[in-house]
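# Structural overview
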Amino acid sequence: LEFRRVLFRSVKFKLTVLLSQMEPEATKENHPLRNYYRFWRVSNIDANTDNYENALEDLGLCRTVEQFWEIYCFLPVIGTGSCDSYYFFKDGIMPLWEDPENKNGGRVTLTLTGTELLPYLWETLLLTTIGEQFNVGKEICGVSVTVKPK
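Residues numbered from 1 in each chain as written. Predicted model: local features only at pLDDT ≥ 70, side-chain atom pairs only at ≥ 80, totals over all residues. Heavy atoms only, no water.

Evaluation of the coordinates by the stated rule reveals three salt bridges. Measuring nitrogen to oxygen at the nearest pair gives 2.9 Å for the salt bridge that ties Arg-38 to Asp-58. Placement of the pair is Arg-38 in strand S1 (residues 32-42) and Asp-58 in strand S2 (residues 57-64), with a sequence separation of 20 residues. Residues Glu-57 and Arg-41 are paired through a salt bridge, measuring 2.9 Å at the closest nitrogen-oxygen approach. Residue Glu-57 is located in strand S2, and its partner Arg-41 is located in strand S1; the two are separated by 16 residues in the primary sequence. (Salt bridge = Lys/Arg side-chain N within 4 Å of Asp/Glu carboxyl O. Helix = DSSP H or I, 4+ residues; strand = E, 2+ residues; numbered from the N terminus.)

Here it is as structure tokens:
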């Protein structure tokens, strides 16, 4: 999976160089998302709510497909490094149960043994989210992934 990400970054770099050599009008086209989303992360904290809220780190807003890839491609792969959790929520909604937009919220949990598939599944979930493929209206506020110690 890491090879795939490196390959994508390499292809993206070559595409960026190619586009920068084209006429300026051709490089200004963006692909807007239906909803704006914000990346968040939390690194190595306990379950205390105050610490959790303070530990949330805003990683950036995605208004376009291009902005999504700019942020996503430079995040450490989930399950590696110091990041335990990523969140991808609609702009204006915090990844907190206490956020008013989440008051009627629920969650679906998928438990995996091993983390080999985790990066691929997280990427698929993100692409499904920005592509609005859930077909449930406005019910989904965001998605998250967490790696828990064994």
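Don't stop here, the text continues.
Before going further, it helps to spend a moment on unusual backbone geometry. Backbone geometry at Glu-132 places phi at a positive 55°, although glycine is not the residue there. Along the chain, Glu-132 turns up in the loop between helix H5 (118-130) and strand S4 (142-146).

Here we come to the nonpolar core. Of all hydrophobic cores here, the largest spans 21 residues; its most connected members are Phe-39, Phe-68, Tyr-86, Phe-88, Trp-122 and Leu-126. If sequence neighbours within four positions are ignored, Tyr-86 has contacts with Trp-40, Arg-41, Leu-59, Leu-75, Pro-76, Ile-78, Trp-122, Val-143, Ser-144 and Val-145. Counting residues in each nonpolar core, the second largest holds nine residues, with Val-42, Leu-56, Tyr-87 and Leu-96 among its members. (Core = buried A, V, L, I, M, F, W, Y, C linked by side-chain atoms within 4.5 Å. Buried < 20%, exposed > 50% of the residue type's maximum accessible area, 1.4 Å probe, protein only. Contact = heavy atoms within 4.5 Å.)

Next up on the list: H5. If you check H5, its first and last C-alpha atoms are 18 Å apart, about what 13 residues at 1.5 Å a residue would give, namely 18 Å. Buried within H5 we find Leu-118, Pro-119, Trp-122, Glu-123, Leu-126, Thr-129 and Ile-130. Down the axis of H5, the sector holding all buried residues measures 130°, keeping them to one side. Remark: Glu-132 follows H5 within two positions and exhibits a positive phi of approximately 55°. (Expected span 1.5 Å × (residues − 1). Arc of directions from axis to C-beta.)

Read across the open sheet, the four strands follow the order S2-S1-S3-S4; overall the sheet is antiparallel. Two strands lie at the open edges of the sheet, namely S2 and S4, each paired on one side alone. Averaged over all adjacent pairs, the angle separating strand axes in this sheet is 15°, with direction ignored. Where strand S3 (residues 85-90) lies against S4, five bridges are found, and the strand directions are antiparallel. The partner of Phe-89 across the bridge, within S4, is Gly-142. Against the sheet, helix H4 (residues 65-72) engages S1, S2 and S3, with an angle of about 150° to S2. Along the sheet, H5 contacts S1, S3 and S4; its crossing angle with S4, the most-contacted strand, is approximately 175°. (Pairing = 2+ DSSP bridges. Axes fitted to C-alpha atoms, helices over the stretch in contact; angles between N-to-C directions.)

Turning our attention to a nonpolar patch on the surface. On the surface, Leu-110, Leu-112, Leu-117, Tyr-120 and Leu-121 cluster together into a nonpolar patch covering about 470 Å² of accessible area. One can find Leu-117 in the loop between S3 and H5. According to the relative accessible area criterion, Leu-117 is exposed, its value standing at 53%. (Patch = residues over 30% accessible without salt bridge, like charges linked within 9 Å, V, L, I, M, F, W, Y side chains within 5 Å. Areas by Shrake-Rupley, 256 points an atom, 1.4 Å probe, with all protein chains shown as cover.)

This brings us to the pairing of S3. Among the six residues that make up S3, six are buried, leaving the element largely enclosed by the rest of the structure. Across six bridges, the pairing between S1 and S3 is antiparallel. Bridged to Arg-41 within S3 is Tyr-86.

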